[in-house]
Amino acid sequence: MSAVTNQGREHATGSADAPALQSTDSALLPSARPVQLVDPDGHHTPDERYPSPSDESLLGAYGRLVAGRRINDQANALVRQGRMAVYPSSHGQEACQVAAAVVLREEDWLFPTYRDTVAVITRGVDPLEVFTLLRGDWHSGYDPYEHRVATQATPLATQLLHAVGMAHAAKLRGESTVVLAMCGDGATSEGDFHEALNFAAVFHVPVVFFVQNNEFAISVPLASQSVAPSLAHKAIGYGMPGERVDGNDLAALLAVLGSAVSRARDGGGPSLVEAHTYRMQAHTNADDATRYRSADDVDRWIPKDPLVRMRSYLSGLDLLTEDGEAALAAEADAIAAVIRKGLNTDVEINPAELFEYVYAEKTTQLREQAEQLCEELARAVEPAAAGPDSAASRTEGNQR
Amino acid sequence: MTQTTEAPAGNAVGQSDTPTRAAKVTSTFAKALNAALADAMEADPAVLMFGEDVGPLGGVFRITDGLTARFGEERCFDTPLAEAGIIGMAVGMAMNGMRPVVEMQFDAFAYPAFEQVVSHVAKMPNRTKGKVRLPIVIRIPYAGGIGGVEHHCDSSEAYYAHTPGLTVLAPATVRDAYFMLREAIASPDPVVFLEPKKLYWSKEEVDLADLRRTFDDGEAPRRIGRAVVARAGTDATLITYGPSVPTALAAAAAAAEEGRSIEVIDLRSIVPFDDETVSASVRRTGRAVVVAEAPGFASVASEIVARVQERCFHSLAAPVLRVTGFDIPFPSPKLEHFYLPSVDRILDAVDDLQWED
């Protein structure tokens, strides 16, 4: 005997009232092996569940991949030159970065982390505005509404809940917006990760949770983070499908993420995609990766490089010529040149802005503090004029 | 300085929105909050209410009573039991044009959401140079005096007041409960709205329909950032807010019988802080006691003392004193009366304000 609840789930009756599992529940589990459409040697490995992206879209995405690698290299160089405070590189993860951006439509939203600079730029945000955060001019330099890209989250997993709220509001208004929310393997240990997946599933909102499992949370390896069969297995615990994908296979990423986005757009609800990739460089330039992993470990991932793999694949099909490759490299160099020039130019910073945006309207106290800073700066500019007069006025002030 | 023997002529000055109708209609603090939510939801379809048990049950204090039935479960709904989830989701909704009002079931149960409040609710507008505004109201039934067990009676205002970007309000009257919640929902800034639990059942002669008309007509004076003189006096000033306001007023009434004229300032708005009203009062009276339920160390009360002495040093006849909770975890129900600021403790502090010379 069974009864159907309003959730559509069958609940057993009788001595134990625990709900009976449905035969479809196991479909929420991820593939036994990460989905792969192109192997590390550049050979096509078809998967009947995921049609391969068109040659045209692959070629387009490959161009972004080339640019993505160039952006990472350029940013690292700028940190070494002291033009940027810090850069968490996505070197080796560029296929994930590019796919996350290009599977979305204009009306969709992207919620990135601090390591997802390439995804943000691929989505269309001005690179110099993106680097505002890392060069230290302000906490975020772009208008999130312009390209529908949330600020890059520095705390872990908190942005996943914002993504759920964004999607929830869109759903209430009947909009077709899909939200793609990114995080890393370390973030899956955070409470907000679990709350976000649970809320998304309960409210059945159009969010794709995209976990880039790069095997390290700064120094802590995945095995110390989770002993789940895979991170994608966590999805079934919330009643949403989970899928695993080769995170260095651009074609597979486009197919799997594209499918998840379509599912969300069609009212199928949230899902979780785990990409298996590797952080080829240290956490940031301030980190020393030799303290927790060997060069051999890293070297094992070199043959799986997403860029080389896609180049082999496209060249093998004669879709990419030497001239074509040179043109893409030139485009990437042009982006790097813009970044280089921009970051080598000091931007004028305005300390008065410190008080400007804390509240919609400055409080009395913030007005006073802004005036104080302003006066200090004025004195610093004209030290001669600020000499004895200033000291006198201070004394007078104290004796008021 | 000699004592003034004349009792103050009246109280509740500074309110210009008293209804003119003679009908004696009363409302509780809780009903006023419920009406404010309903009226705000009626006025603006972007206003949503969600949290734990706020749907069909109407919240454990019934503040959201009837809202799901009236506005539907898309606009007033229960969430999974996770406070960071509630506030994190509110952030995303506010980014996408909504005006979420969320309920944290009890003061101490809001702590799981602390990171979302401090790192995002408070900082997002500044982070984005004002591109993203977060008009979120976080309603928190707070403080003690109701015989609540552990985790149900915390005065957590200092955590929020210490966080730039948040507006922190604590109404103490039925009228203020209504107007301040409407104002909070209309504010472009995130608001932590502290509802003194022990005042939920307090009553005033108030016609809620009149309050609605007054607010909708734009005739309710601004309350965010504006303290009010709850009782006028000339000898000393009690500066207080939220659950301690009635206690301070009772102390002032008792002091009047002993011939002391005590002014009571109800801050209403902890952030932004109304230095002007507070300083003007203390400059006039020359003496002040800050009364608050939270532990006194590194508290809102400490901040008020610092601000008053910075601004009123030359008008002060005595150090500014504090009557606060002790620096201990909030006590069990049978012990809370030892902890809470009482009329006697306030009067003792007033007596200590160096009246002799």
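Residues numbered from 1 in each chain as written. Chains lettered and ligands numbered in written order. Predicted model: local features only at pLDDT ≥ 70, side-chain atom pairs only at ≥ 80, totals over all residues. Heavy atoms only, no water.

## Details of unusual backbone geometry
Residues and elements named next belong to chain B.
So, point 1. Between Val-271 and Pro-272 the backbone carries a cis peptide bond, its omega angle lying at -5°.
So, point 2. Summarising the element assignment, Pro-272 is placed in the loop between β12 (269–271) and α10 (275–285).
So, point 3. The residue Arg-62 is not glycine, and still its phi comes out positive at about 65°.
So, point 4. Along the chain, Arg-62 falls in the loop between β2 (47–51) and α2 (67–71).
So, point 5. Of note, Ala-298 is a non-glycine position whose phi angle comes to about 50°, a positive value.
So, point 6. By the element assignment, Ala-298 lies in the loop between β13 (288–295) and α11 (300–312). (Helix = DSSP H or I, 4+ residues; strand = E, 2+ residues; numbered from the N terminus.)

## A word on the UniProt feature "domain: Transketolase-like pyrimidine-binding" (unreviewed entry) in chain B
So, point 1. In this structure's numbering, the residues bearing the UniProt feature "domain: Transketolase-like pyrimidine-binding" (unreviewed entry) are residues 27–202 of chain B.
So, point 2. Summarising residues 27–202 of chain B: 36% helix, 17% strand, and an end-to-end C-alpha distance of 8 Å. (UniProt positions renumbered as here; feature names shortened; annotations may be inferred.)

## Quick look at α11 of chain B
All names here are of chain B.
So, point 1. Over its 13 residues, α11 extends 18 Å from the first C-alpha to the last, a length consistent with the 18 Å expected when each residue adds 1.5 Å.
So, point 2. Residues Val-300, Ala-301, Ile-304, Val-305, Arg-307, Val-308 and Cys-312 constitute the buried set of α11.
So, point 3. Looking at where α11 begins, the residue whose side-chain oxygen comes 3.2 Å from the main-chain nitrogen of Ala-301 is Ser-299. (Expected span 1.5 Å × (residues − 1). Buried < 20%, exposed > 50% of the residue type's maximum accessible area, 1.4 Å probe, protein only. Polar contact = N/O pair within 3.5 Å; in protein donor to acceptor, adjacent residues only side chain to side chain.)

## So, the sheet that holds strand β11 (residues 262–266) of chain B
All names here are of chain B.
So, point 1. Across the sheet, which stays open at both edges, the 5 strands sit in the order β9-β11-β10-β13-β14 with mixed pairing between neighbours. If you trace the sheet from one side to the other, it starts and ends with β9 (228–231) and β14 (321–325), each paired once. Between one strand axis and the next, the sheet turns by 25° as a mean value, whatever way the strands run.
So, point 2. With respect to the sheet, α11 is in contact with β10 (236–240), β13 and β14, its orientation differing from that of β14 by roughly 170°. (Pairing = 2+ DSSP bridges. Axes fitted to C-alpha atoms, helices over the stretch in contact; angles between N-to-C directions. Contact = heavy atoms within 4.5 Å.)

## As for the pattern of salt bridges
Residues and elements named next belong to chain B.
So, point 1. Per the stated rule, a full pass over the model turns up 33 salt bridges over all chains.
So, point 2. Notably, a salt bridge pairs Glu-42 with Arg-70, separated by 2.8 Å at the nearest N-O pair. Taken together, the residues span a long stretch of sequence, with Glu-42 in helix α1 (residues 29–43) and Arg-70 in helix α2 at a distance of 28 residues.
So, point 3. Overall, the relative accessible area of 47% leaves Arg-70 in the partly exposed class.
So, point 4. Between Arg-139 and Glu-195 there is a salt bridge, with the nearest N and O atoms lying 2.5 Å from each other. (Salt bridge = Lys/Arg side-chain N within 4 Å of Asp/Glu carboxyl O.)

## Regarding the environment of Arg-173 of chain A
So, point 1. Along the chain, Arg-173 of chain A falls in the loop between α7 (158–172) and β4 (179–184).
So, point 2. Since its relative accessible area comes to 37%, Arg-173 of chain A is described here as partly exposed.
So, point 3. When sequence neighbours within four positions are dropped, the list of residues in contact with Arg-173 of chain A reads Asn-96, Gly-97 and Met-98 of chain B.

## Focus on the interface of chain A and chain B
So, point 1. The interface of chain A with chain B comprises 38 residues on the first partner and 47 residues on the second.
So, point 2. In this assembly, chain A packs against chain B so that about 3,600 Å² is buried in total across both faces, 60% of it on carbon and sulfur atoms.
So, point 3. Between the two partners, chain A and chain B, sit 2 salt bridges.
So, point 4. Linking Lys-129 of chain B and Glu-353 of chain A is a salt bridge whose minimum nitrogen-to-oxygen distance equals 2.9 Å.
So, point 5. Where chain A packs against chain B, one counts 18 residue pairs in polar contact (both at pLDDT 80 or more).
So, point 6. For the side of chain A that touches chain B, the secondary structure elements donating two or more residues are β3 (109–111), α6 (144–147), α7, α8 (191–202) and α14 (364–381) of chain A.
So, point 7. For the side of chain A that touches chain B, the element with the highest residue contribution is α7 of chain A, accounting for 10 residues.
So, point 8. Grouping the amino acids of the side of chain A that touches chain B by side-chain chemistry returns 21 nonpolar, 10 polar and 7 charged. (Buried area = accessible area lost by both parts, 1.4 Å probe. Nonpolar A, V, L, I, M, F, W, Y, C, P; charged D, E, K, R; others polar.)

## So, the confidence of the model for chain A
Residue and element names in this part refer to chain A.
So, point 1. Per-residue confidence for chain A gives a mean pLDDT of 91, with 92% of residues at or over 70.
So, point 2. This stretch, residues 1–14, has a pLDDT under 50; its non-local contacts, to residues over four places away or in other chains, come to 25 contacts.
So, point 3. In the predicted structure, residues 390–400 sits below a pLDDT of 50 and forms 3 contacts with residues beyond four places in sequence or in another chain. (pLDDT = per-residue confidence, 0-100.)

## As for helix α4 (residues 114–121) of chain B
So, point 1. Burial of α4 of chain B is extensive: 6 of the 8 residues sit out of reach of the surface.
So, point 2. All of the buried residues in α4 of chain B are Gln-116, Val-117, Val-118, Ser-119, His-120 and Val-121 of chain B.
So, point 3. Where α4 of chain B is buried, its residues contact α7 and α8 of chain A together with α3 (83–95), α5 (124–127), β5 (137–142) and α6 (157–161) of chain B.

## Considerations on the domain arrangement of chain A
So, point 1. Structurally, chain A comprises domain 1 (24–343) and domain 2 (351–399).
So, point 2. A C-alpha centroid distance of 45 Å is found between domain 1 of chain A and domain 2 of chain A. (Domains from an automatic or database assignment.)

## Brief notes about the environment of Ser-189 of chain A
All names here are of chain A.
So, point 1. Along the chain, the position of Ser-189 falls in the loop between β4 and α8.
So, point 2. In the structure, Ser-189 is positioned 36 residues away from Gln-225 in sequence and 6.8 Å away in space, judged by C-alpha atoms.
So, point 3. Side chain to side chain, Ser-189 and Gln-225 meet in a polar contact 2.8 Å long.

## Observations regarding the UniProt feature "domain: Dehydrogenase E1 component" (unreviewed entry) in chain A
So, point 1. When the UniProt feature table is mapped to this numbering, "domain: Dehydrogenase E1 component" (unreviewed entry) covers residues 68–334 of chain A.
So, point 2. For the annotated span residues 68–334 of chain A, helix accounts for 44% and strand for 12% of the residues, and the straight-line distance between the end C-alpha atoms is 12 Å.

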